[in-house]
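Working through the structure, step by step
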Amino acid sequence: MEISDFRASYLFDGITGEQLPEEMIKAMRSFISAENLYVSAAREIVTKFENLNSEFKYTYERNPIHSINARAKTPASIVRKLQRNGLQLTVDSARKHLTDLAGVRVICSYVDDIYRVKDMLLSQDDVTLVRMSDYIKNPKPNGYRSLHLIVTVPVFQATKTEIVAVEIQIRTIAMDFWASLEHELAYKLEEKDRKSASKELKACADEIASLDIKMQNLYNISISETESGIAPNKNR
């Protein structure tokens, strides 16, 4: 029995068509099955990044990836987003219109690493790029910076292979720090305070971007010195 089938059986154990319409039970089962599919797709992408990070470590003696996080939207979250967008409440509608049912966030140490790991991922034969949005070169008005990819990847199941979309966000530690706090503050600030806070957040985002550039330049200098046979001065 598949994980999704077991979960569905547990949730609906003892419930009959007299208590809930069969069509409703069928629809809920399909959303649970979809969640499992997108969990698997996110896992596929995570494994690819982990393998690339490990290979990079052996080849260049460092890891370009600091951390990797993944998630799949729950059935309840999918339904809410479909409702907000005025879309039909079906799995087919979700798969057609929503590209963030599975998400992977990759945190890198340096800006150059973002594009490096992106290129390594997209060079794989079974990963297809659907769309790329570069909010590093073209930040959002509020200062948000990150590289967003929508890719498809095959998920191999017992009886079939599904091609599934995954949203990937790749950013530096500094970019992630800003995005996490901005997201938290957006929910805590009163409406009257948001306008003034948005200016401060934009200024912070610009400072963080400047810091990322400085850290990248320092790293480039250390690499240049190492390649010249000069060990970087750790006290500088």
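On the surface, L211, M215, L218 and I221 cluster together into a nonpolar patch covering about 360 Å² of accessible area. Among the secondary structure elements, L211 is positioned in helix α7 (residues 191-227). Look at L211 and you get partly exposed, because its relative accessible area is 44%.

Grouped together as the largest cluster of nonpolar side chains are 39 residues, with contacts concentrated most on F49, V104, V166, I168 and I170. Those elements that place two or more of their residues in this core are α2 (22-60), β1 (65-72), α3 (75-84), α4 (91-97), β2 (102-108), α5 (111-122), β4 (147-156) and β5 (161-172). Those residues in contact with I168 that sit more than four places away from it in its chain are I45, F49, V104, V106, L121, L147, H148, L149 and V151. Grouped together as the second largest cluster of nonpolar side chains are 7 residues, A174, A179, L201 and I208 included.

With that settled, the discussion passes to the layout of surface pockets. Here the largest pocket is characterised by a volume of approximately 360 Å³. Forming the boundary of the largest pocket are R105, K140, N142, Y144, H148, Q169, R171, W178, A179, S180, E182 and H183. Counting residues per element, the ones that place at least two in the lining of the largest pocket are β5 and α6 (173-188). Here the element with the most residues in the lining of the largest pocket is α6; it accounts for 5 residues. Of the residues that constitute the lining of the largest pocket, the class distribution is 3 nonpolar, 5 polar and 4 charged.

Here is what the cut-offs are and how they apply
- Starting afresh in each chain, residues are numbered from 1 along the sequence in its written order.
- Owing to the predicted nature of the model, reporting of local features is limited to residues with pLDDT of at least 70; listing and counting of side-chain atom pairs is limited to 80 or more, with chain, interface and lining totals taken over all residues.
- Each side-chain value is derived from all of the structure's non-hydrogen atoms; neither hydrogens nor water enter the calculation.
- Like-charged residues within 9 Å of one another, or nonpolar side chains (Val, Leu, Ile, Met, Phe, Trp, Tyr) within 5 Å, are grouped into patches, provided each residue has over 30% relative accessible area and no salt bridge.
- The accessible surface values rely on the Shrake-Rupley method and a 1.4 Å probe; as for residues, cover is taken only from the protein chains in view.
- Salt bridges are defined by distance alone: a side-chain nitrogen of Lys or Arg within 4 Å of a carboxyl oxygen of Asp or Glu.
- Each helix is a run of H or I in the DSSP string that is no shorter than four residues. Each strand is a run of E no shorter than two, and both are numbered from the N terminus.
- Exposure is judged per residue with a 1.4 Å probe applied to protein chains only, and the accessible area is read against the type maximum: over 50% gives exposed, under 20% gives buried, and values in between give partly exposed.
- Among the buried residues, those of types Ala, Val, Leu, Ile, Met, Phe, Trp, Tyr and Cys that are joined through side-chain atoms within 4.5 Å form a nonpolar core.
- Pairs of residues are marked as contacts when any of their non-hydrogen atoms sit within 4.5 Å.
- Think of a 1 Å grid over just the protein atoms. A cavity is a set of points where a 1.4 Å probe fits yet cannot get out, a pocket is an open set with protein on both sides within 12 Å along at least five of seven lines, and lining residues have an atom within 4 Å of a point.
- Grid points are joined across faces, edges and corners, and a volume is the space filled by probe spheres set on the points.
- For this classification, Asp, Glu, Lys and Arg are treated as charged, while Ala, Val, Leu, Ile, Met, Phe, Trp, Tyr, Cys and Pro are nonpolar and the rest, including Gly, are polar.

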